[in-house]
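Topology and contacts: notes
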Amino acid sequence: KIKVENDQTTSAVNAYPNLISDNKITYKLNNIKAGIYNVSLLNVEGRLIKTLVLQHDGTSNTVHYIYLNSNVASGKYILQLTGNSTKYSTSIIKE
């Protein structure tokens, strides 16, 4: 199971629901400019776990998914979206 702790200081990137099964993270983008973004999943030490490139069309409430390998260990992770001179993040806890 994965627990998500959204950063309450920004609603630009929201991951949900609080408990995620099947190693799938669902995240929604809100009020983010169109462009190419890097989506990264990092552990608390800053080690890259997974990355992908996202072509965002600027539409709000756009839903995307990240599928994790089954060997990703339990612990706290950071989901980051970077690009267009901006950086957004939210915390994820895999149980």
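Refer to the structure presented above.
Residues numbered from 1 in each chain as written. Predicted model: local features only at pLDDT ≥ 70, side-chain atom pairs only at ≥ 80, totals over all residues. Heavy atoms only, no water.

**With respect to the overall build of the chain**
Scanning the chain from terminus to terminus reveals 0 helices and 9 strands. The order of α-helices and β-strands along the chain, N terminus first, is β-β-β-β-β-β-β-β-β. Across the 95 residues that make up the chain, the buried fraction comes to 40%. Sequence separation of at least 24 residues holds for 53% of the intrachain contacts in the chain that already meet a minimum separation of 6. Accessible surface computed for the chain: about 5,400 Å², of which carbon and sulfur atoms make up 47%. (Helix = DSSP H or I, 4+ residues; strand = E, 2+ residues; numbered from the N terminus. Buried < 20%, exposed > 50% of the residue type's maximum accessible area, 1.4 Å probe, protein only. Contact = heavy atoms within 4.5 Å. Areas by Shrake-Rupley, 256 points an atom, 1.4 Å probe, with all protein chains shown as cover.)

**Some remarks on a nonpolar patch on the surface**
Together, Tyr16, Val63, Tyr65 and Tyr67 make up a nonpolar patch on the protein surface, roughly 370 Å² of accessible area in all. If one sorts the elements of the nonpolar patch by residue count, strand 7 (residues 62-67) sits on top with 3 residues. Positionally, Val63 belongs in strand 7. (Patch = residues over 30% accessible without salt bridge, like charges linked within 9 Å, V, L, I, M, F, W, Y side chains within 5 Å. Salt bridge = Lys/Arg side-chain N within 4 Å of Asp/Glu carboxyl O.)

**Regarding the pairing of strand 4 (residues 24-29)**
As paired strands, strand 2 (residues 13-16) and strand 4 are joined by 4 bridges and run antiparallel to one another. Opposite Asn14, over in strand 4, you have Lys28 as the bridge partner. Pairing between strand 4 and strand 7: 6 bridges, direction antiparallel. In the strand pairing of strand 7, Lys24 is matched with Tyr67. (Pairing = 2+ DSSP bridges.)

**Concerning the pairing of strand 6 (residues 48-56)**
Sheet topology note: the strand 5 (residues 35-43)/strand 6 ladder contains 8 bridges and is antiparallel. Residue pairing for strand 6: Ile36 is matched across the bridge by Gln55. The antiparallel pairing of strand 5 with strand 6 creates a hairpin that spans 4 residues between the two strands, and Gly46 there sits at a positive phi of about 90°.

**Looking at the side chain of His56**
If you trace the backbone, His56 turns up in strand 6. Overall, His56 belongs to the buried group, its relative accessible area being 1%. At a separation of 3.4 Å, a polar atom in the side chain of His56 contacts the main-chain amide nitrogen of Gly58. With residues near it in sequence (within four places) discarded, His56 still touches Leu29, Ile32, Lys33, Ala34, Gly35, Tyr37, Thr62 and His64. (Polar contact = N/O pair within 3.5 Å; in protein donor to acceptor, adjacent residues only side chain to side chain.)

**Some thoughts on the nonpolar core**
One finds Val13, Ile25, Tyr27, Ile32, Leu79 and Leu81 to be the most contacted residues of the largest nonpolar core, which totals 19 residues. Breaking this core down by element, the ones donating at least two residues are strand 2, strand 4, strand 5, strand 8 (75-83) and strand 9 (86-94). Each residue touching Leu81, except ones within four places of it in the same chain, is listed here: Val13, Leu29, Ile32, Tyr37, Asn38, Val39, Leu54, Thr86, Lys87 and Tyr88. (Core = buried A, V, L, I, M, F, W, Y, C linked by side-chain atoms within 4.5 Å.)

Note that all results are geometric; they support no functional claim without further evidence.
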